[in-house]
Amino acid sequence: MRSTSSHLLLCLLLLLGLGLAQPVQADITVVAKQLSLPGLSLQDLNAQLSEDPAGGLHLQLQASQADVAAVGWRHVGLRLDGRLQRDAQQRWVFDGRVQLRGAPGGALGNAQLTWAVNPGSDTMQVELRQDKAQATAWLPLDQPSHAQVSLRQLPAGWLQGLLGTVWSGRLTGGRLDADLALDASGTGVQSSGQFTLAGVGFDTPSGTLAGQGVGGKGRFGFDSGDDGARIGLQGSLAGGELLLGPLYAKLPAHPVQLDVNAHARRGVLELERLRFDDADALQLDGALAFDAKGNLQKLQLDRFHASFPAAYQRYGQAWLATLGLRDLRSSGHLSGSLDLGGNGLRAFAFDTEGLDLADGDGRFAVSGLHGGLDWSAQGDRPATTLGWQGLQFYRIPHGAAQSRWQSRGGTLALQQPLVVPVLKGQLRLTSLDWRPAAAKGQRLATSLTVTGVDMASFSHALGWPSFPGTLGGAIPSLRWVGDRFELEGGLTVNVFDGFVDVTHLSLQQPFGNTPVLAGDISLNQLDLGAITSVFDFGSITGRLDGSIDDLRLVNWSPVAFKASLLAGGGGRISQRAVNNLTTVGGGGLAGGLQGAMLKLFKTFAYKRIGLSCTLNGAVCQMGGLESNEGGYTIVEGSGLPHLEVVGHQTRVDWPTLVRRLREAVSGRAPVVR
């Protein structure tokens with residue numbers, strides 16, 4: 001805007017030179033197809049000077065297109081209309097209106113223009129007013145490319161053309177006040193001064209850089225040229241929201257200090273120095289860079305210090321949500337450094353004297369975290385110690401422990417075995433190697449053993465009925481590949497006087513919105529009497545074997561498996577258990593046993609019990625011991641009275657089957673619907 005004013009004044013001076021050389025006796029008209037001055041190009045220029053009846057001269061000037069490269073204006077229509085006269089101080093004063101058509105942000109669409117030339121002091125003054133906006137510039141006549149400028153209530157969008165010369169972003173709102181010095185040339189603009197922002201917003205095509213309702217004040221420097229623009233800013237921000245790649249800030253109402261040196265060139269934006277100080281929440285010192293598409297290329301925090309919960313509420317909430325950690329409860333302090341490039345992590349370090357974190361969904365919690373970690377993708381780093389008072393994964397509490405780590409050649413390794421108390425037992429990590437920079441390959445490898453975990457406590461923690469027994473096992477290799485944990489070996493649960501073996505376990509996106517668990521389960525010689533007493537299903541004696549193969553849970557709900565259960569050694573079954581098995585299988589009684597006779601007996605001998613279910617999607621394909629045209633046998637009786645339970649429904653809706661099982665184990669008689 002200021003560059004336009006200065007160059008237009010040169011043009012006007014030439015025109016006035018023609019008119020003022022002699023008294024105006026008739027209209028003077030100047031027509032030019034094109035007029036080019038340094039930094040300014042006018043197309044289809046038409047200017048007229050005539051005597052104004054009120055005194056002085058009447059000036060009209062039009063140009064179909066005005067281009068000002070320094071401020072990014074292209075194909076802007078121009079119209080000037082006003083009166084020129086001498087005032088009491090012998091200044092030439094032009095008072096009229098300026099109208100620009102197609103200028104960024106609607107700049108000077110219909111503005112009042114006052115322009116004064118003072119030959120005595122060899123200066124010019126230009127004042128523009130439009131609605132609440134006011135811009136005033138003072139220029140020396142011998143150097144009209146230099147100006148002292150005062151801006152009040154200027155719409156931020158008016159600066160879009162200038163920013164568009166070096167940045168692909170777009171200003172979306174807000175106003176600013178500024179007092180600045182400006183030098184314009186054919187290759188760019190230099191400016192410095194002080195500013196005040198109110199409600200400023202911006203965004204980028206990629207959506208990775210954005211701001212809304214930002215206020216602040218401070219000093220700035222701006223220098224644009226063939227190598228792009230360099231911007232320096234020192235001041236404070238108060239209120240509003242900022243998005244800088246993965247960093248989202250909900251700024252507080254009180255001022256936070258900001259010191260930035262930035263370089264913008266052909267859409268690439270690099271914050272070569274970024275210092276931020278929100279005293280009660282977050283302080284950091286580093287650098288940030290984005291490519292022309294708005295993709296993060298560098299996030300280098302040489303130092304940061306975060307105080308919780310304020311740091312999480314103002315700056316960490318959105319970023320941690322992308323990692324699956326929502327509604328985090330936090331307290332304490334954390335300091336460290338971070339080096340993140342376009343291809344991933346290059347280094348990080350942190351330390352704390354006491355930090356408490358808890359995921360809102362109950363998947364993860366740590367209390368009394370102390371010590372730190374220090375990792376680099378290149379070279380070796382000093383050993384560190386990290387400990388905690390309490391740890392919890394998916395509602396399973398772990399006791400206090402302390403670990404020692406060291407980074408060598410990109411691998412952060414546990415330096416000595418780590419023993420963690422878990423539900424009257426222990427988890428022992430023999431080794432653990434973590435490669436944070438391995439984006440798609442193997443990130444983590446570990447071996448661990450679990451011994452003596454009390455199943456009653458384990459069941460209570462998960463909200464299950466109380467199971468007696470212990471959990472143990474060895475996992476010689478646990479790997480983190482891509483976004484999935486894979487376990488070699490297995491876990492063995494000694495429960496109900498038998499064993500449950502879990503093998504081929506994998507867990508995908510453990511902290512995501514839809515974690516996926518897969519594995520195989522084998523049941524060996526479980527005591528049916530103990531099982532049915534826990535679940536209140538009705539009494540069944542004997543031993544149970546079986547398998548649940550190709551188990552797949554999405555967000556902890558089954559979507560696929562092949563289950564087969566068999567009590568092949570015989571035993572006794574109560575009348576209530578018969579009713580529940582009959583209803584679960586959608587079947588009835590066979591073999592000549594009448595309903596009236598059933599009421600005469602409390603228990604029955606059986607030879608075998610078998611039930612199978614293959615779940616695919618929302619439908620379970622049911623089966624039993626033997627299949628025939630009438631269905632499949634669930635219970636094969638033994639002796640007198642002879643009992644046989646037959647299932648007739650081979651395809652059962654999974655939600656319906658789950659409802660029947662819940663009703664059975666809750667002590668209510670299941671209802672077939």
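As the structure is a prediction and not an experimental result, all values here were calculated from the model.

## A look at the overall build of the protein
Working step 1: Each helix and strand counted, the protein has eight helices and 44 strands in total.
Working step 2: In terms of overall dimensions, the protein is more spread out than a globule: its C-alpha atoms have a radius of gyration of 39 Å, far above the 26 Å expected for 673 residues.
Working step 3: Dimensions of the protein along its principal axes, counting C-alpha atoms only, are 135 × 60 × 35 Å.
Working step 4: Here the protein, with 673 residues, has 47% of them falling under the buried criterion.
Working step 5: A separation threshold of at least 6 residues defines the contact pool for the protein, and within that pool the share at least 24 residues apart is 48%.
Working step 6: As displayed, the protein has an accessible area near 31500 Å², and 54% of this comes from carbon and sulfur atoms.
Working step 7: If you average the places of the 56 positive and of the 57 negative side-chain charges in the protein, the two averages end up 5 Å apart.

## Side note on the state of the cysteines
Working step 1: Inspection of the entire model under this criterion finds one disulfide.
Working step 2: Bridging Cys613 to Cys620, the disulfide has an S-S length of 1.4 Å.
Working step 3: A relative accessible area of 8% places Cys613 in the buried class.
Working step 4: Its relative accessible area of 0% is what places Cys620 among the buried residues.

## Section: the packing of aromatic side chains
Working step 1: Per the stated rule, a full pass over the model turns up six aromatic pairs.
Working step 2: Ring geometry for Phe195 versus Phe220: centroids 6.3 Å apart, planes at 65°, classification edge-to-face. Residue Phe195 is located in strand β11 (residues 189–203), and its partner Phe220 is located in strand β12 (residues 209–225); the two are separated by 25 residues in the primary sequence.
Working step 3: Relative to Phe393, the ring of Phe364 lies with its centre 5.6 Å away and its plane at 55°, an arrangement referred to as tilted. Residue Phe364 is found in strand β22 (residues 364–376), and its partner Phe393 is found in strand β24 (residues 390–393); the two are separated by 29 residues along the sequence.
Working step 4: Given the relative accessible area of 33%, Phe393 is considered partly exposed.
Working step 5: A network of ring pairs unites the aromatic residues Phe348, Trp375 and Trp434 as a single cluster.

## What to know about the pattern of salt bridges
Working step 1: The final tally for this structure, using the stated rule, is 22 salt bridges.
Working step 2: Glu270 is paired through a salt bridge with Lys298; the nearest N and O atoms lie 3.5 Å apart. Taken together, the residues Glu270 in strand β17 (residues 268–278) and Lys298 in strand β19 (residues 296–308) connect sequence positions 28 residues apart.
Working step 3: The class for Glu270 is partly exposed, based on a relative accessible area of 27%.

## Topic: unusual backbone geometry
Working step 1: Look at the link from Phe308 to Pro309: it is a cis peptide, with omega at 10°.
Working step 2: If you check the backbone angles, Asp327 has positive phi at about 50° while not being a glycine.
Working step 3: Within the secondary structure, Asp327 is located in the loop between α3 (310–322) and β20 (329–341).
Working step 4: Unlike most non-glycine residues, Leu423 shows phi in positive territory, near 45°.
Working step 5: Among the secondary structure elements, Leu423 is positioned in the loop between β28 (418–422) and β29 (425–434).

## Side note on the environment of Ser206
Working step 1: Relative to the helices and strands, Ser206 resides in the loop between β11 and β12.
Working step 2: Once the C-alpha coordinates of Ser206 and Gly623 are considered, the two residues, 417 residues apart in sequence, prove to be 54 Å apart.
Working step 3: Residue contacts for Ser206: discarding those within four places in its chain leaves Lys293 and Gly294.

## What about the nonpolar core?
Working step 1: Counting residues in hydrophobic clusters, the biggest one holds 113 residues, and the most contacted among them are Ile540 and Ile573.
Working step 2: Once residues lying within four places of it in the same chain are set aside, the contact partners of Ile573 are Ser539, Ile540, Val578, Leu581, Lys602, Thr603, Phe604, Tyr606, Ile609 and Leu643.
Working step 3: Listed in part, the 51 residues of the second largest apolar core include Leu45, Val98, Leu128 and Ala147.

## What to know about the confidence of the model for the protein
Working step 1: Here the protein averages 85 in pLDDT, while 90% of its residues score no lower than 70.
Working step 2: Averaged pLDDT values for the elements of the protein fall to 45 in helix α1 (residues 2–20) and rise to 97 in strand β23 (residues 384–388).
Working step 3: Note that pLDDT drops below 50 for residues 1–10; the model gives that stretch 30 contacts with residues more than four away or on any other chain.
Working step 4: pLDDT under 50 marks residues 588–594. Its contacts with residues more than four places away, or in other chains, come to 18 contacts.

## So, the side chain of Ser447
Working step 1: Here Ser447 lies in strand β30 (residues 442–454).
Working step 2: In this structure, Ser447 is in contact with Arg428, Leu429, Thr430, Ser431, Ile475 and Pro476, ignoring residues within four places of it in sequence.

## Looking at the pairing of β12
Working step 1: Looking at chain direction, β11 and β12 are connected through eleven bridges and run antiparallel. Directly across from Gln194, in β12, lies its bridge partner Arg219.
Working step 2: With antiparallel pairing between neighbouring strands as the criterion, β11 and β12 make up a hairpin whose turn holds five residues, including Gly207 at a positive phi of roughly 80°.
Working step 3: Alignment of β12 against strand β14 (residues 241–244), held across four bridges, turns out to be antiparallel. When the sheet's bridge partners are listed, Ala210 is paired in β14 with Leu243.
Working step 4: Bridge count between β12 and strand β13 (residues 228–238): eleven bridges; the pairing is antiparallel. Residue pairing across strands places Phe222 opposite Ile231, the latter belonging to β13.
Working step 5: In this structure, the hairpin formed by β12 and β13 is closed by a connection of two residues.

What counts and how
Just so you know, the residues in each chain are numbered from 1, in the order the chain's sequence is written. Where local features are concerned, this predicted model is filtered to residues with pLDDT of at least 70; where side-chain atom pairs are given and counted, the filter is 80 or more; whole-chain, interface and lining totals use all residues. With hydrogens and water set aside, each side-chain value is computed from the structure's full complement of heavy atoms. Going along the chain from the N terminus, every DSSP run of H or I of four or more residues is numbered as a helix, and every run of E of two or more is numbered as a strand. Put simply, the radius of gyration uses C-alpha atoms, and a globule should come to 2.2 Å times the residue count raised to 0.38. The classification of residues rests on relative accessible area computed with a 1.4 Å probe and restricted to protein chains. Under 20% of the type maximum is buried, over 50% is exposed, and intermediate values are partly exposed. In what follows, a contact means two residues having at least one pair of non-hydrogen atoms within 4.5 Å. Surface accessibility in these figures is a Shrake-Rupley result with a 1.4 Å probe; residues are shielded only by whichever protein chains are displayed. Lys and Arg are tallied as positive, Asp and Glu as negative. Neither His nor the chain termini are counted. Note that the charge is assigned to NZ on lysines, CZ on arginines, CG on aspartates and CD on glutamates. The definition used for a disulfide is geometric: two cysteine sulfur atoms within 2.5 Å. Aromatic pairing here means that ring centres of Phe, Tyr or Trp (its six-membered ring) are within 6.5 Å. Orientation follows from the plane angle: under 30 degrees is stacked, over 60 is edge-to-face, and everything else is tilted. Only one rule defines a salt bridge in this text: a Lys or Arg side-chain nitrogen within 4 Å of an Asp or Glu carboxyl oxygen. For the purposes of this section, nonpolar cores are sets of buried Ala, Val, Leu, Ile, Met, Phe, Trp, Tyr and Cys residues that join through side-chain atoms within 4.5 Å. As a per-residue measure, pLDDT tells how confident the predictor is, with possible values from 0 to 100. Pairing between strands is defined by DSSP: at least two bridges between the two strands are required.

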